[in-house]
Amino acid sequence: MANGNSKVLTAEQEMELLAPIKDYVGKIQTEIDSLREDGTDKVVSIQNVMDGLKRDKSRTKSEKDAEIAKLQETLGKAKAVEAQNKDKISKLIADAEKYLNAHFDKEYYQPVKESCEQEKVLAKEKYKEDVARLEKEHQQNLSKLSDHQEIKDEKYVHKNRLFDAKMELQKNLQQIKDRRHAAFSYRYHLIDLLRMSKFTFGETMAQRWENYKYTFNRRSFLLQNGLYIAILLIFIILCIITPMIKGSPLLTYNNVLNILQQASPRMFLALGVAALILLAGTDLSIGRMVGMGMTTATIIMHQGINTGGVFGHIFDFTTMPIALRIVLALVACVVLCTFFTAIAGFFTAKFKMHPFISTMANMLVIFGLVTYATKGVSFGAIEPTIPNMIIPKINGFPTIILWAVAAIAIVWFIWNKTTFGKNLYAVGGNPEAAVSGISVFAVTVGAFVLAGILYGFGSWLECIRMVGSGSAAYGQGWEMDAIAACVVGGVSFTGGIGKISGVVVGVFIFTALTYSLTILGIDTNLQFVFSGIIILVAVTLDCLKYVQKK
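No experiment lies behind these values; they were computed from the predicted model shown. (Residues numbered from 1 in each chain as written. Predicted model: local features only at pLDDT ≥ 70, side-chain atom pairs only at ≥ 80, totals over all residues. Heavy atoms only, no water.)

A. Structural view of helix α13 (residues 419-429). Those residues of α13 that sit buried are Gly 421, Asn 423, Leu 424, Val 427 and Gly 428. Here the buried residues of α13 occupy an arc of 160° about the axis, which is enough to place them on one side. Turned more than 90 degrees off the buried face of α13, the exposed positions are Thr 419 and Gly 429. Looking at the buried side of α13, the elements it contacts are α7 (253-278), α12 (400-417) and α14 (440-465). (Buried < 20%, exposed > 50% of the residue type's maximum accessible area, 1.4 Å probe, protein only. Helix = DSSP H or I, 4+ residues; strand = E, 2+ residues; numbered from the N terminus. Arc of directions from axis to C-beta. Contact = heavy atoms within 4.5 Å.)

B. Local environment of the nonpolar core. Judged by nonpolar contacts, the single largest core of 97 residues is most densely connected at Leu 271, Met 301, Trp 415, Tyr 455 and Trp 460. Sequence-distant contacts of Met 301, that is, excluding residues within four places in its chain, are made with Arg 325, Ile 326, Ala 329, Ile 382, Glu 383, Ile 386, Trp 460, Cys 463 and Ile 464. With 28 residues, the next largest nonpolar core counts Leu 9, Ile 93, Tyr 99 and Leu 190 among its residues. (Core = buried A, V, L, I, M, F, W, Y, C linked by side-chain atoms within 4.5 Å.)

C. Spotlight on empty space enclosed by the protein. All chains considered together, the criterion is met by two cavities of 30 Å³ or more. Volume-wise, the largest cavity comes out at about 50 Å³. Ala 123, Lys 126, Tyr 127, Asp 130, Ala 165, Glu 168, Leu 169 and Asn 172 together form the lining of the largest cavity. Of all the elements in the fold, those that place two or more residues in the lining of the largest cavity are α3 (61-143) and α4 (148-195). Of the residues that constitute the lining of the largest cavity, the class distribution is four nonpolar, one polar and three charged. Empty space within the second largest cavity amounts to approximately 40 Å³. Elements with a contribution of two residues or more to the lining of the second largest cavity: α16 (500-519) and α17 (524-549). Residues of the lining of the second largest cavity, tallied by class, amount to five nonpolar, three polar and no charged. (1 Å grid on protein atoms, 1.4 Å probe; cavity = no way out; pocket = protein on both sides within 12 Å on 5 of 7 lines; lining within 4 Å. Points joined across faces, edges and corners; volume = space filled by probe spheres on them. Nonpolar A, V, L, I, M, F, W, Y, C, P; charged D, E, K, R; others polar.)

D. Looking closely at the packing of aromatic side chains. For the coordinates displayed, the defined rule picks out 20 aromatic pairs. With a centroid separation of 5.4 Å and an interplanar angle of 50°, the aromatic rings of Phe 216 and Phe 221 are classed as tilted. Residue Phe 216 is classed as partly exposed on the basis of its relative accessible area, which comes to 35%. Seen from their ring centres, Phe 346 and Phe 351 are 6.0 Å apart, and the 85° between their planes marks the pair as edge-to-face. Residue classification places Phe 346 among the partly exposed positions, given a relative accessible area of 36%. A residue is classified by how much of its surface remains accessible, and Phe 351, at 53% relative accessible area, is exposed. (Phe/Tyr/Trp six-rings, centres within 6.5 Å; stacked < 30°, edge-to-face > 60°.)

Okay, here's the thing in structure tokens:
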């Protein structure tokens, strides 16, 4: 036994423990392989050849058909052999698995696991001894020195020696971890060969859990999830104190539906700006886009003749059918928002202008135009029948949520299943992606156009949800919520990193937090403080992740 400890196994002793298992299962595996040679193996081989023939464009259809016909005959014989040997192979596999269940853990894995635990203890004890020895040597060396520079050099050398000792400990602990993981995985390696990579659900979950523990890193985990954990704790505290202060629980069915209902229009905005952040950009004009869209939609769907004018002209859409007015309002919102985002996208892509500047210019232009055109007035309510037509409540369930779900599904498909989506990640991760044949101009403008379409839909839905009330000032500050939701959801400002699922989580987190603080009666201005802190922490963690990656 190694190191004079009965629990610690040497590599040779570990191989001795494994040898009986390896021999027993190995003999069965050899027999299975011989039975599969003219059966299953040949079936798989022939099917691969046939698949290759079907994709082969150098041959004519008649040549392919003739070759496949010959292979079909051989395939039939191989399948017959496979069927003939199936029961025998199943019995052999059952025998091997029974042996593994009876002997692997008890006679091999548990002794190795105990050995690894003891090795960890010994490694940590050795590290403590090394640190104590180095400290003693350091103090002795310092007592012999008087020159300031020599003392400084000695401290520097001592610091490096302590660092080396720590690195040695981490290396030893990783080797021990690798050894235990390899012992655990060997059983599934044998099962993999026996069953040809077919695992039960329980076996798959056991391997995933083991791999998670093996690759787990506390620092990386906190960088990835620290903010979520902190927000979850805050939300739990809010759930506890809300009944004490307000006399009613926070997490009720109606409150959850209200949160989802409020989050739905904002989801469109976050999904839109997420693509721009993926390109290492941003959009400061979202709030003003919402105000413009809300105003436009309210004017078109207004209940009766508009009380306010646009450049002094009073619009009257009451002669149009309701359905046509709804469609016209949607088209107008999408066209206007897309027009302005396309302009920002053009200047960003063509002149390499930072999106901060191009979208800030958009923000000022939109707010100035809408305020000047409408004199800053609110246009009142839309036709009361419209919300029940577009976002009715079915048994109390607000169907506006389904619009958000549809948007999530469509944008997810664009990001993950289209060439444009793959190019988004490529350009975001490497602005010089043009060398790979990707048009950076087209991708950038396309991302801005997609954002404009989503902003248009979001402002149209918000108008219907609020039954009008469109004005130039509506949506002020919404850009911060949308951007913050993306960053909290893991869309990195460094570009090329982010998932739709993260954006969705981020939107729900911010909406739930805002709703909870509102129920508690927290002043809106203080809510901005909370949002600012969350944004600061989220971006800080994002920067730390980027530095660690580099």
